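# Reading the structure
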Amino acid sequence: MKSQDVRKQFLDFFKSNGHLIVPSAPIVLKDDPTLMFNNSGMAQFKEYFLGNGTPKSKRIADTQKCLRVSGKHNDLEDVGFDTYHHTMFEMLGNWSFGDYFKKEAINWAWQLLTEVYKIPKENLYVSVFEGSKEDNVPFDQEAWDIWKTLIDEDRIILGNKKDNFWEMGDQGPCGPCSEIHVDLRPEAEKALVTGKSLVNNDHPQVVEIWNNVFMEFNRKADGSLEKLPAQHVDTGMGFERLCMALQGKTSNYDTDVFTPLIEKVEKITGLKYTSDEVKNISEEQNKTNIAIRVVVDHVRAVAFAIADGQLPSNTGAGYVIRRILRRAIRYGFTFLGTKEPFINKLVEVLANQMGEFFPEIKSQQQLVTNVIREEEASFLRTLDQGLQLLDNVIAQTTGSEVSGAKAFELYDTFGFPKDLTALILKEKGMSFNEIEFDASMQEQKNRSRAASEVSTEDWTVLIPGNVETFVGYDKTENNVKITRIRKVDSKKDGILYQIVLDNTPFYPEGGGQVGDKGTLVSANETIEIIDTKKENNLILHFAKQLPENIEAGFTAKVNNDLRGSTSKNHSATHLMHLDLRNLLGTHVEQKGSLVNPNYLRFDFSHFSKVSEDELRQVEASVNAQIEAQLQLVEHRNIPIKEALDKGAMALFGEKYGDNVRMIEFGESKELCGGIHVKNTAEIWHFKIISEGAVAAGIRRIEAITGDAVKDFYQNQENTLSEIKETLKNPQDILKSVTSLQDDNAKLKKQVEQLLKEKVGALKTELEKDFQEINGVSFLAKQVDLSMASTKDLASALGSSKADSFVFLASIEDGLPNIHCYIAKELVGGKNLNANAVIKELGKYIDGNGGGQPFFASGKGKNANGVAEALAHAIDFVK
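First things first, this report covers the structure right here in the doc. (Residues numbered from 1 in each chain as written. Predicted model: local features only at pLDDT ≥ 70, side-chain atom pairs only at ≥ 80, totals over all residues. Heavy atoms only, no water.)

### Things to note about the pattern of salt bridges
Counted according to the given criterion, the structure contains 44 salt bridges. Close ionic contact of Lys227 with Glu216 constitutes a salt bridge, the shortest N to O distance being 3.1 Å. Here Glu216 lies in strand E10 (residues 206-219) and Lys227 lies in strand E11 (residues 225-238), a separation of eleven residues in the sequence. For Glu216, a relative accessible area of 9% gives the class buried. Lys220 is the salt-bridge partner of Glu226, the closest N and O atoms lying 4.0 Å from each other. (Salt bridge = Lys/Arg side-chain N within 4 Å of Asp/Glu carboxyl O. Helix = DSSP H or I, 4+ residues; strand = E, 2+ residues; numbered from the N terminus. Buried < 20%, exposed > 50% of the residue type's maximum accessible area, 1.4 Å probe, protein only.)

Take a look at the structure:
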């Protein structure tokens, strides 16, 4: 059975049983501060389990793109080494929100697996929760009794809290679960060892394929459990593992989910992948297999993340995506011999394979390909630099063991992989101190964990029920009551309080727009609101203190100055988006946005630099729309199909409901939940400040509006006045500046010529000072030159004598610099190394440096140490 049919049959089965089929949410979560990525099928439904929202249907089914590479669920380092862990995977799921419970969930699971998919019953095992005295939760007798009617009791396993009690996190909805495992081993193996003994023991062919979670409890901050007001069902079945079972394979990678990608890698590299069914393969072939598995797994995760709007970067979710891709690149580099970008060529295969069900990968194919290609090229250059740096480390190492701290520095600062370092050192008969490396790694993790550590107390509910609403589109001031509060303590921000209001005018951060700030005012006090965010459908107002009387009535007041500036920037972003598409082409799509009171930042897809002339045209067109005084037309609650039919732009990576908000300014029509001006005239003026590249095929424009533009032009005018005054108020400023530049160019040429003459004269003079020591022409001197000229002089002097060893020092702007030239004959014949010289003598000037064995340079902080460094240079040739 083809994988496409497996997916379709699952959805059709639950549709026939009254479930609403919904699309996968984006793999990247933009409006949930507790998660970077969708790591389970239930993530997009958290608000319903928490009782903070109402689902479109009490029964839902879907297939969800999931990513598990950070936090509690982190499978990254397992991927490639076994045949069933993945970074990105599909989770087939069915959900009940206060509707059916264990009986229906278990019976449907069994019916689908054994009657529709026709998996032999004798290959299946199930588990139920054995209970927990610690949590005062009894053995799941109900699930056991249901399973007894479907399967022999000797195939029912009791599972502990680790395996059979599912929790969303340290706090929140949770409950016992019932897993279904499949035994895919050959009959001969089954006869020797029962599958029951291998369940949950990491056997590659005895794997869990479905987990039925029965949400009954809420885990509180103190660890205790309380009953949820309603019982829910949350199930998840691993699509890739299910395909393995249904296609008669013993490895996920042997299914048609992965074989098209593997065949493409084979074609590119000329290497062959061996099926998991082939036994006794060589160590070399095993390394090839692991590398190919890493590549084909990781490209899926990276491609879908980029298609959903997350570009690789050095922070947050972007760093995770970059790390996954770099892991794939280095496995290809080390074990597949790929020295040029190649992973980007797999995107076309992926788009053809999965584009029908996940249209984003098809429509974003070119962008995804470009971004991955550029990331590959960049990291391959980094690997080349890392190889040179590793050579330097090896040259500076006495003995056969490199410092673990140095190896970690290569990994942490330059992205050079630990296993590649180990491989190269092994080839040279060396190793690095893994204990030191691991200690450095742990120190970094501890720093990172400490910086992001957050403890959250339980909610104190003052007004029960879902009474919270947002009135901020119409009001910036409103009478409110507090419905719930909780305390949050983080290393980064200290103690803060999250306050939820019944009818808030505060806009929560979302869609690129920052959250509102303002105050809560009662008869007796004023509480400052420093930020507003949204979590699990609750609008959270952040304050450094709570009101003395939390049950009092308050007036919520948004800071109108900040909101006004933000709304101008947000509306200008919409106008600019339209103009960029009109001018550059409809391939232009928003790929990121930041809208705050000070400026706007807009990332968009485009294949080349936007020229100065094009930027001027965009600027002029936006300002024309501002001058046209376009009125805001807001469709507050319009069906999404109607909005799209009207020409509204929907952005990939955003999660839209059945009804949406559509914003119109003239021809500009976008789906948007943010705050906007009532008329474009309020923006006053629009000015582009910068344009540049973010990634391959992604450009970034930063711009300002309103008062920020006034300040910009005032600063420009002040700068011009200062220049005029400095130039003694010439009539033609441009002519005066041009004349200064011409004079400067002439003087630079004269200085360069004088320096050449000075270096030449010094070279002639210093050639007389060479000493013959043990067959080496030795020279160590301090000279009065710039660092660049000293470097040139060291090279010229070294080249002038056979078997030369030259060490020169100089001081520029109060800082010492040193340079060492060693003839190549001496590097090989006498085992001398300029790197080692600079490393050792650099200690005297509190400096460091590097280069090649025959020439290296360094810079320091202690000019008083120059004389001592010069005095010790002779030690290397004695």
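### A word on the nonpolar core
Counting residues in each nonpolar core, the largest one holds 116 residues, and the members touching the most others are Tyr117, Ile119, Trp210, Leu242 and Ile343. Of the residues forming this core, the biggest block, 14 residues, is contributed by helix H9 (residues 283-307). Those residues in contact with Ile343 that lie beyond four places of it in its chain are Val295, Val299, Leu325, Ala328, Ile329, Ile372 and Glu376. With 25 residues, the next largest nonpolar core counts Leu600, Leu615, Val622 and Ala703 among its residues. (Core = buried A, V, L, I, M, F, W, Y, C linked by side-chain atoms within 4.5 Å. Contact = heavy atoms within 4.5 Å.)

### As for the packing of helix H17 (residues 560-584) against helix H18 (residues 612-627)
The contact between H17 and H18 brings their axes to 9 Å, and the two run at 130°. For the element pair H17 / H18, the angle class is oblique. Both H17 and H18 take part in a crossing whose hand is right-handed. In this structure, H17 uses Leu575, Met576, Leu578, Asp579, Leu580, Leu583 and Leu584 to contact H18, whose residues at the interface are Glu614, Gln617, Val618, Ser621, Val622, Gln625 and Ile626. (Axes fitted to C-alpha atoms, helices over the stretch in contact; angles between N-to-C directions. Parallel < 35°, antiparallel > 145°, perpendicular 65-115°, else oblique. Left-handed = near helix turned anticlockwise from the far one by under 90°.)

### Structural notes on the packing of H9 against helix H13 (residues 365-395)
Angle between the axes and distance between the axes are the two parameters that describe a pair of packed helices. Between H9 and H13, the shortest axis-to-axis distance is 9 Å and the interhelical angle comes to 120°. As far as their axial angle goes, H13 and H9 are oblique. Judged by the twist between their axes, the crossing of H9 over H13 is right-handed. Note on element contacts: H13 touches H9 through Val368, Val371 and Ile372, opposite Val299, Val302, Ala303, Ile306 and Ala307. Among the residues forming the contact of H9 with H13, the class breakdown is eight nonpolar, no polar and no charged. (Nonpolar A, V, L, I, M, F, W, Y, C, P; charged D, E, K, R; others polar.)

### Description of the packing of aromatic side chains
Each pair of aromatic rings is reported with the distance of its centres and the angle of its planes. Inspection of the entire model under this criterion finds 31 aromatic pairs. Grouped by ring-pair contacts, the aromatic residues Phe10, Phe13, Phe14, Tyr100, Trp108 and Trp210 constitute a single cluster. The ring of Phe357 has Arg7 sitting right over it, with the charged end atom 5.0 Å from the ring centre. (Phe/Tyr/Trp six-rings, centres within 6.5 Å; stacked < 30°, edge-to-face > 60°. Lys NZ or Arg CZ within 6 Å of the ring centre and 35° of its normal.)

### Some remarks on the sheet that holds strand E30 (residues 668-671)
In a beta sheet, neighbouring strands are held together by backbone hydrogen bonds and run either parallel or antiparallel to one another. One open sheet accounts for three strands, arranged E28-E29-E30; its pairing is antiparallel. The strands lining the two open edges of the sheet, one partner per strand, are strand E28 (633-639) and E30. Adjacent strand axes in the sheet meet at a mean angle of 20°, parallel and antiparallel pairs treated alike. In the sheet, E28 pairs with strand E29 (residues 659-665) via five bridges, with the strands oriented antiparallel. Residue pairing in the sheet places Val633 in a bridge with Glu664 of E29. In this fold H17 packs onto E29 and E30, with an angle of close to 115° to the strand it touches most, E30. (Pairing = 2+ DSSP bridges.)

### Side note on a negative patch on the surface
On the surface, Asp145, Asp152, Glu153 and Asp154 cluster together to form a negatively charged patch. Relative to the elements of secondary structure, Glu153 occurs in the loop between helix H4 (141-148) and strand E7 (156-159). (Patch = residues over 30% accessible without salt bridge, like charges linked within 9 Å, V, L, I, M, F, W, Y side chains within 5 Å. Areas by Shrake-Rupley, 256 points an atom, 1.4 Å probe, with all protein chains shown as cover. Lys, Arg positive; Asp, Glu negative; His and termini not counted. Charge placed at Lys NZ, Arg CZ, Asp CG, Glu CD.)

### Remarks on helix H21 (residues 733-766)
Taking 1.5 Å per residue, 34 residues should reach 50 Å; H21 reaches 48 Å between its end C-alpha atoms and fits that length. Residues of H21 that are buried include every one of Ile733, Val759, Leu762 and Leu766, and no others. For H21, the capping residue at the N-terminal end is Asp732, with a side-chain oxygen 3.3 Å from the backbone nitrogen of Leu734. (Expected span 1.5 Å × (residues − 1). Polar contact = N/O pair within 3.5 Å; in protein donor to acceptor, adjacent residues only side chain to side chain.)

Geometry only, nothing functional implied.
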